[in-house]
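Single-letter residue listing:
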Amino acid sequence: FVYSCSSEHGRISPIETGVITPSANETWELLQSDRFAELNQRFTAMQSAYTNRTATDEDLRAAFRVFYNPDAALAPKYDLWVSTFPKSYVARLSRGIYYTRVDDTLRGKLLRDETPPERLTAADIAYEKAKADLGASVVQNPKPLLSYVHAMTITGQYGDLAGSRRLLDNAISI
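First things first, this report covers the structure right here in the doc. (Residues numbered from 1 in each chain as written. Predicted model: local features only at pLDDT ≥ 70, side-chain atom pairs only at ≥ 80, totals over all residues. Heavy atoms only, no water.)

This part is about the overall build of the protein. Looking only at helices and strands, one finds nine helices and zero strands in the protein. When the elements of the protein are put in sequence order from the N terminus, they spell out α-α-α-α-α-α-α-α-α. Expressed as a percentage of the 174 residues in the protein, the buried residues total 47%. Here the analysis covers contacts within the protein between residues at least 6 apart in sequence; of these, 62% occur between residues at least 24 apart. (Helix = DSSP H or I, 4+ residues; strand = E, 2+ residues; numbered from the N terminus. Buried < 20%, exposed > 50% of the residue type's maximum accessible area, 1.4 Å probe, protein only. Contact = heavy atoms within 4.5 Å.)

Structure below.
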């Protein structure tokens, strides 16, 4: 699960943001032990720091990179987090990020017609899950920048240029 943030020791500097986000290993431990309240609180604090302009978009993106691990064993944990906190922006965003990475991993680097059909089908399922979570998260936060960023990843992969442009315009308006 070691997908760390960009700064030293896998953390964003609390000096810069006033927020200490969990490292990749701490996040994995929180997910594995079903400590969703703490996970939710700590990542909500980071999103709030961004909303209040005490954290930059780079700080925010670095903090949420811990959810880039596409390990299939994590899916039930994300599902439980979202079911425990159904109105949580960060829970929906985190699961959306996860499924975006699952989609990307399944699609791989091959051209669509070179990718085995079963992988494309699985990628399409992950895409739909990511799209649902990212779409739901947008209405749960006044500054859903990362929701737009990760949704653009998917629309770009699926050749939806108009959708990507709409998402980009929404992100710019934040």
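Here we take up the side chain of Lys 77. One can find Lys 77 in helix H5 (residues 75-84). Ignoring sequence-local partners within four residues, the contact set of Lys 77 consists of Leu 31, Gln 32, Asp 34 and Phe 36.

This paragraph deals with the side chain of Asn 40. Tracing the backbone shows Asn 40 in helix H3 (residues 36-51). Each residue touching Asn 40, except ones within four places of it in the same chain, is listed here: Trp 81, Phe 85, Ser 88, Val 90 and Ala 91.

This paragraph deals with the nonpolar core. Formed by 43 residues in total, the largest nonpolar core has its most connected members in Phe 64, Phe 67 and Trp 81. Element by element, the count of residues in this core is highest for helix H6 (residues 89-107), at nine residues. Residue contacts for Phe 64: discarding those within four places in its chain leaves Phe 43, Val 90, Leu 93, Ser 94, Ile 97 and Leu 146. (Core = buried A, V, L, I, M, F, W, Y, C linked by side-chain atoms within 4.5 Å.)

This part covers the environment of Tyr 89. Inspection of the secondary structure puts Tyr 89 in helix H6. For the pair Tyr 89 and Asp 133, spaced 44 residues apart in sequence, the C-alpha separation works out to 9.3 Å.

With the rule as written, the count across this model stands at eight aromatic pairs. Ring geometry for Phe 64 versus Phe 67: centroids 5.8 Å apart, planes at 45 degrees, classification tilted. Overall, Phe 67 belongs to the buried group, its relative accessible area being 0%. Ring centres 6.1 Å apart and planes at 65 degrees place the aromatic pair Phe 67 and Tyr 78 in the edge-to-face group. (Phe/Tyr/Trp six-rings, centres within 6.5 Å; stacked < 30°, edge-to-face > 60°.)

This paragraph deals with unusual backbone geometry. Non-glycine residue Asp 34 carries a positive phi angle of around 55 degrees. Tracing the backbone shows Asp 34 in the loop between helix H2 (24-32) and H3. A residue is classified by how much of its surface remains accessible, and Asp 34, at 35% relative accessible area, is partly exposed. Positive phi, close to 70 degrees, is recorded for Arg 53, a residue that is not glycine.

Moving on to H5. Within the span of H5, buried status applies to Ala 75, Lys 77, Tyr 78, Trp 81 and Val 82. Buried residues of H5, viewed axially, fall in a sector of 165 degrees; they line one side. If you follow the buried residues of H5, they end up packed against H2, H3 and H6. (Arc of directions from axis to C-beta.)

The contact between helix H8 (residues 145-157) and helix H9 (residues 161-172) brings their axes to 9 Å, and the two run at 165 degrees. Of the possible angle classes, the one that applies to H8 and H9 is roughly antiparallel. Here the hand of the crossing between H8 and H9 comes out left-handed. Contacts between H8 and H9 involve Leu 145, Tyr 148, Ala 151, Met 152, Thr 155 and Gly 156 on the former and, on the latter, Gly 163, Ser 164, Leu 167, Leu 168, Asn 170 and Ala 171. In terms of residue class, the contact of H8 with H9 is made up of seven nonpolar, five polar and no charged. (Axes fitted to C-alpha atoms, helices over the stretch in contact; angles between N-to-C directions. Parallel < 35°, antiparallel > 145°, perpendicular 65-115°, else oblique. Left-handed = near helix turned anticlockwise from the far one by under 90°. Nonpolar A, V, L, I, M, F, W, Y, C, P; charged D, E, K, R; others polar.)

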